[in-house]
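# Observations on the three-dimensional arrangement
Next come the chains, spelled out residue by residue.
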2 protein chains.
Amino acid sequence: MGNPKQKWTSEEEEALRAGVAKHGAGKWKNIQRDPEFNHLLFARSNIDLKDKWRNLSVASGQGARDKSKTPKAKINPADTPATPLLTAQTSTPLFHHPKMHQQM
Amino acid sequence: MGNPKQKWTSEEEEALRAGVAKHGAGKWKNIQRDPEFNHLLFARSNIDLKDKWRNLSVASGQGARDKSKTPKAKINPADTPATPLLTAQTSTPLFHHPKMHQQM
DNA sequence: CCCTAGGGATAGGGTTAC
DNA sequence: TGTAACCCTATCCCTAGG
């Protein structure tokens, strides 16, 4: 595909913060159109601003996520094969439900 | 730890290749949902498909053959990389048109 | 018709097991 | 050590509601 995934720069993020401080959160189109920030946000759509703000909110204290590199005891993602059931299954694994990131 | 780490079978890999050929790379969820491939990929998530495709591409040497993957930490012990300064001073990316969620 | 809010999915980085 | 499989996060896409 042609999506190099444009990461947000510090300048863009600052412009977004300033824009929110000036116009208020939710006024994405207004912020994007503001000549004061359009210099830095011309490459972002109002939707992008919204998404970035959402991400910033989560990263700001919302989630007390411990970024420590201490995986300690990672809980088993799937059912723990505590029982090495030797049932007849050569190629077909058990009903190993995937992580189900998103499945409707 | 006891991570099952299900290795990909040839059938799954073939299904993935066929799925990509049919739906295109990037449409992982679509491939996984396809009744034609769900038979073999029901135990894999869309994320798994993406990851497997990435590993497949690397193994095929599609990407960069060079394994110098920009070490996060410093690698140059004493030698100075003769990397000429790129003219890329401004962080102005190419005119990447935003998805234009504004004016249609 | 335009814009915002939210959910869903993808791309890439980083970590762990073998 | 190197590779495969896995997990996490940022960004992008789609749809519903105002």
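Report on the accompanying structure.

Criteria and cut-off values
Residues numbered from 1 in each chain as written. Chains lettered and ligands numbered in written order. Predicted model: local features only at pLDDT ≥ 70, side-chain atom pairs only at ≥ 80, totals over all residues. Heavy atoms only, no water. Helix = DSSP H or I, 4+ residues; strand = E, 2+ residues; numbered from the N terminus. Buried < 20%, exposed > 50% of the residue type's maximum accessible area, 1.4 Å probe, protein only. Contact = heavy atoms within 4.5 Å. Axes fitted to C-alpha atoms, helices over the stretch in contact; angles between N-to-C directions. Parallel < 35°, antiparallel > 145°, perpendicular 65-115°, else oblique. Expected span 1.5 Å × (residues − 1). Arc of directions from axis to C-beta. Salt bridge = Lys/Arg side-chain N within 4 Å of Asp/Glu carboxyl O.

Attention now goes to the overall build of chain A. Each helix and strand in chain A was counted, giving four helices and zero strands. Counting helices and strands in the order they occur from the N terminus, chain A gives α-α-α-α. A buried classification covers 21% of the 104 residues belonging to chain A. At a minimum sequence separation of 6, the contacts of chain A that also span at least 24 residues come to 41%.

All right, on to the packing of helix 1 (residues 10–23) of chain B against helix 4 (residues 46–60) of chain B then. All names here are of chain B. At a closest axis distance of 11 Å, the pairing of helix 1 and helix 4 adopts a crossing angle of 95°. The angle between helix 1 and helix 4 falls in the class roughly perpendicular. Contact residues: E13, L16, R17 and V20 in helix 1; L49, K52, W53 and L56 in helix 4.

With that out of the way, let us pick up the environment of A15 of chain A. Residues and elements named next belong to chain A. Within the secondary structure layout, A15 lies in helix 1 (residues 10–23). With relative accessibility at 5%, the residue A15 sits in the buried group. A sequence separation of 24 residues divides A15 from H39, and the C-alpha atoms of the two residues are 9.1 Å apart. Contacts of A15, omitting those with residues within four sequence positions, involve F37, L40 and L41.

This paragraph deals with helix 1 of chain A. Residue pairs spaced three or four apart in an α-helix point in one direction, given the helix's 3.6 residues per turn. Residue and element names in this part refer to chain A. Look at helix 1: 20 Å from first C-alpha to last across 14 residues, which is about the 20 Å you get at 1.5 Å a residue. Those residues of helix 1 that sit buried are E12, A15, L16, G19 and V20. Each buried residue of helix 1 sits inside an arc of 135° when the element is viewed along its axis, so together they form one side. Facing away from the buried side of helix 1 by more than 90 degrees, the exposed set consists of S10 and A21. G24 lies just past helix 1 and shows a positive phi near 100°.

As for its placement among the helices and strands, E12 of chain B is situated in helix 1. Overall, the relative accessible area of 7% leaves E12 of chain B in the buried class.

Moving on to the pattern of salt bridges. Residues and elements named next belong to chain A. Evaluated as defined, the whole model comprises 14 salt bridges over all chains. With a closest N to O distance of 3.0 Å, R44 and E12 form a salt bridge. Residue R44 is found in the loop between helix 3 (38–41) and helix 4 (46–62), and its partner E12 is found in helix 1; the two are separated by 32 residues along the sequence. D51 is the salt-bridge partner of R54, the closest N and O atoms lying 2.6 Å from each other. You can see R54 and its partner D51 sitting in helix 4, three residues apart, about one turn around the helix. For R54, a relative accessible area of 53% translates into the label exposed.

What follows covers the environment of G19 of chain B. Mapped onto the secondary structure, G19 of chain B falls in helix 1. Put simply, G19 of chain B and Q32 of chain B are 13 residues apart on the chain and 8.1 Å apart in space, counted from C-alpha to C-alpha.

Fair warning: the whole summary comes from geometry, so function is off the table for now.
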